[in-house]
Amino acid sequence: MYQKKSFKISIKISCRYFGIVLLTYFLMSLTFQNSYSQSAQAEEIPLSDSAFIRLRYDENGNMKSLDTSLVTFVSADGTQRVTLIGAIHIAERRYYKKLNEIFTNYDAVLFEMVSDGDPRPVSSRDAGGFISSLQRLGGTLMDLDYQIGSINYHAENFVHADMTGMEFNAAKRRRGDGFLVWFLRSYGYALAVSADDNTSDSDSESLNSDLEILKLLFLPKKSRTFRRLNAPGMVNLKSTTIPVEGRDGSTLLRDRNTKALKVLREQLDSGKKNVAIFYGAAHLPDFSHRLQTDFGMKPEKITWVPCWKLD
């Protein structure tokens, strides 16, 4: 009995680690270029972390799609608007096509890209390094396209709003940050969460998890099963932000957000009335908080865009 239970727990923990690792690297907005690697439906507010990415279910309770949101904030006098557009770095081609259409509605689109050179990539070959390789591998396993090469970063209204590679490295040294630190924090958090979950999981939940693993091994639609295994973890932004941010924030999230909001302030001060921030979904809860506290804006509406088909 003990051996059987331990074996089941080890399988579940392994699967959750796979989801946590993918979540960390897909959602953390680690969008780098070679230059760095070498040196819809509107809804009412209120906001929570679930306002930026969600799982949508059908009437029978089956997963239907993974969606990201466009959350629009309005200034106190109603003259300026800022929309947070959550990015998933691997998604269906039609998702990126839809975003390219949406971007044309804004005076400026502030985008993320840690780079010492030209921050505007043309194709997926412009993204180098270990993280980008992991993202592309995830895209292959789940039959999804890569964000770089699908988004038109050369649109006239696109404005770079991220650190340079030199700024990023300097901030890491100042904080004592780094990929190993972030990974170990995430790994420790995953251990704690998995141990806690294993004490409360019902037999039916365990059975469902085991069935998904069997589908992955034996059924032909492996890409869909990979998506369904990973999608539930993707919507839990706290599992990404809490371990990486720690008590005092991180270079990866808070410092890069600070740089983006500095660029936003410049754009608004220059007279722009309708600005979008296109960043990884894990950045958006902090952006949302600071738009309300530092910019005096209030959430106005939420619109959802499907990025993964799950049924």
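This text goes with the structure placed above it.
Remember, predicted model here, so these are calculated numbers, not experimental data.

Inspection of the secondary structure assignment puts H89 in the loop between β4 (81-87) and β5 (90-91). For H89, the side chain forms a polar contact with the side chain of Q147, separated by 2.5 Å.

Glancing now at the nonpolar core. Judged by nonpolar contacts, the single largest core of 62 residues is most densely connected at I85, L99, L264, I277, F278, L291 and W308. Those residues in contact with F278 that sit more than four places away from it in its chain are I85, G86, A87, L99, F103, V109, L110, F111, E112, Q147, I151 and Y153.

Looking now at helix α11 (residues 284-293). Those residues of α11 that fall on the buried side of the exposure criterion are L284, P285, F287, S288, R290 and L291. Each element contacted by the buried residues of α11 is listed here: β3 (63-74), β4, α10 (251-269) and β9 (274-280).

In total, this model carries 7 aromatic pairs according to the counting rule given. Note on Y153 and F158: the rings are 5.8 Å apart at their centroids and 85 degrees apart in plane angle, and the pair reads as edge-to-face. Comparing Y153 with F158 shows no difference in burial state: the two are buried. Connected via pairs of aromatic rings, a cluster forms that spans F103, F111, Y153, F158 and F278. Here the basic side chain of R265 rests over the ring of F295, its NZ or CZ set 4.0 Å away from the ring centre.

Definitions and limits used
Residues numbered from 1 in each chain as written. Predicted model: local features only at pLDDT ≥ 70, side-chain atom pairs only at ≥ 80, totals over all residues. Heavy atoms only, no water. Helix = DSSP H or I, 4+ residues; strand = E, 2+ residues; numbered from the N terminus. Polar contact = N/O pair within 3.5 Å; in protein donor to acceptor, adjacent residues only side chain to side chain. Core = buried A, V, L, I, M, F, W, Y, C linked by side-chain atoms within 4.5 Å. Buried < 20%, exposed > 50% of the residue type's maximum accessible area, 1.4 Å probe, protein only. Contact = heavy atoms within 4.5 Å. Phe/Tyr/Trp six-rings, centres within 6.5 Å; stacked < 30°, edge-to-face > 60°. Lys NZ or Arg CZ within 6 Å of the ring centre and 35° of its normal.

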